[in-house]
Amino acid sequence: EAASEKKRWTLNDFDIGKPLGRGKFGHVYIAREKRSNHIVALKVLFKSQLKQSQVEHQLRREVEIQSHLRHPNILRLYGYFYDQKRVYLILEYAAKGELYKELQRCKHFSERRAATYVASLARALIYCHGKHVIHRDIKPENLLIGAQGELKIADFGWSVHTFNRRQTMCGTLDYLPPEMVESAEHDASVDIWSLGILCYEFLYGVPPFEAKEHSDTYKRILLVDLKFPPKPIVSAAAKDLISQMLVRETSKRMPLHKLLEHPWIIQNADPSG
Ligand SMILES: Cn1ncc2ncnc(NCCc3cnc(NC(=O)Nc4cccc(C(F)(F)F)c4)s3)c21
């Protein structure tokens, strides 16, 4: 493993295949590493755009964070390389593609499928939080589906290491005001909120606080203006779980390990994930 991490990859190491998707900063292609015949996804980012958006540090943080994460429901970032104009991310290939396209196709998921996805995401987030990493950008566009139908969290471009905050206070915690100490904890609960939003969108096909104007969505979020439409029909257990995750007071949101014991998850999630 260490040897491969030391290896300097170049574009010549890969045969590039069809485009898999196009993101804000560049395109993703299926690719085969020539020596091993290993299929990967190669995300090509233009340095000019990264510089223009001043996100180079975020990309470095993503690569650093991802290099320590190993979990079946987290898309691997195997490494990166760059040339004159581009940065290339060497990523695990998710054979069944993007979850948001699947959600658009199905309109909404069954309770069993939704619960199975939510449980596997909860396990991945418990793993991340255990390593003081929060994703902060959990949404359908950042979820991919592996060859066996398993969910993979991708794109840690917005993730942070909660301990960074503590370390920047030159080692000592003593001088941190309560809100600074607390906010590091608070961050971990942002992923619980987002998972609640995701669970709602899996079941209803739309996020709970959607509104025409951004300002209205913002107001609905702050009020936690949570409404469950009569259609599609959704079990009381599912609504109970969502209601316990979408709580304004961060410390009162259902902890992820409690989520895995919730009746709706126990009754509906496929244990294999
Ligand atoms: C579509 N698709 N279908 C199958 C499939 N299999 C694997 N991958 C796919 N798609 C790529 C998924 C990604 C994983 N990690 C990413 N990471 C990222 O894009 N990081 C990133 C970019 C620009 C700027 C920044 C910065 F600087 F702001 F941090 C960070 S994108 C696939």
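All of these numbers come straight from a predicted model, not from anything done at the bench.

Caption draft 1: Structural view of the overall build of the protein. In terms of helices and strands, the protein carries 11 helices and 9 strands. Residue burial in the protein is summarised as follows: out of 273 residues, 44% are buried. Long-range pairs, those at least 24 residues apart, make up 61% of the contacts in the protein between residues at least 6 apart in sequence. In the structure as shown, the protein presents an accessible area of about 15000 Å², 56% of it carried by carbon and sulfur atoms.

Caption draft 2: The confidence of the model for the protein, seen in detail. On average, the protein scores 89 in pLDDT, and the residues at 70 or more come to 87%. With a pTM of 0.90, the predicted complex shows an ipTM of 0.98.

Caption draft 3: Structural view of the site of the ligand. Close contacts around the ligand come from 22 residues, with K43, V55, E62, E92 and A94 the closest. One nitrogen or oxygen atom from the side chain of K43 is found 3.0 Å from an oxygen atom belonging to the ligand. A distance of 2.7 Å separates a nitrogen atom of the ligand from a polar side-chain atom of E62. For the ligand, whose accessible area on its own is 660 Å², the fraction buried by protein is 94%. Judged by the fraction of its atoms near the pocket grid, the ligand is located in the largest pocket. Sorting the residues of the shell around the ligand by element identifies strand 3 (38-46), helix 3 (56-67) and strand 5 (86-92) as the ones contributing at least two each.

Caption draft 4: Region of interest: the nonpolar core. Counting residues in each nonpolar core, the largest one holds 47 residues, and the members touching the most others are L195, F202, L203, L259, W264 and I265. Elements represented by at least two residues in this core include exactly helix 4 (99-106), helix 5 (111-130), strand 7 (143-145), strand 8 (151-153), helix 7 (178-204), helix 9 (236-245), helix 10 (256-259) and helix 11 (263-268). The residues contacting I265, other than those within four sequence positions of it, are A115, V118, A119, L241, L259 and L260. Grouped together as the second largest cluster of nonpolar side chains are 16 residues, L45, L75, V87 and L91 included.

Rules of the game
- Residues numbered from 1 in each chain as written.
- Predicted model: local features only at pLDDT ≥ 70, side-chain atom pairs only at ≥ 80, totals over all residues.
- Heavy atoms only, no water.
- Helix = DSSP H or I, 4+ residues; strand = E, 2+ residues; numbered from the N terminus.
- Buried < 20%, exposed > 50% of the residue type's maximum accessible area, 1.4 Å probe, protein only.
- Contact = heavy atoms within 4.5 Å.
- Areas by Shrake-Rupley, 256 points an atom, 1.4 Å probe, with all protein chains shown as cover.
- pLDDT = per-residue confidence, 0-100.
- Near = heavy atom within 4 Å.
- Polar contact = N/O pair within 3.5 Å; in protein donor to acceptor, adjacent residues only side chain to side chain.
- 1 Å grid on protein atoms, 1.4 Å probe; cavity = no way out; pocket = protein on both sides within 12 Å on 5 of 7 lines; lining within 4 Å.
- Sits in = over half its atoms within 2 Å of the grid points.
- Core = buried A, V, L, I, M, F, W, Y, C linked by side-chain atoms within 4.5 Å.

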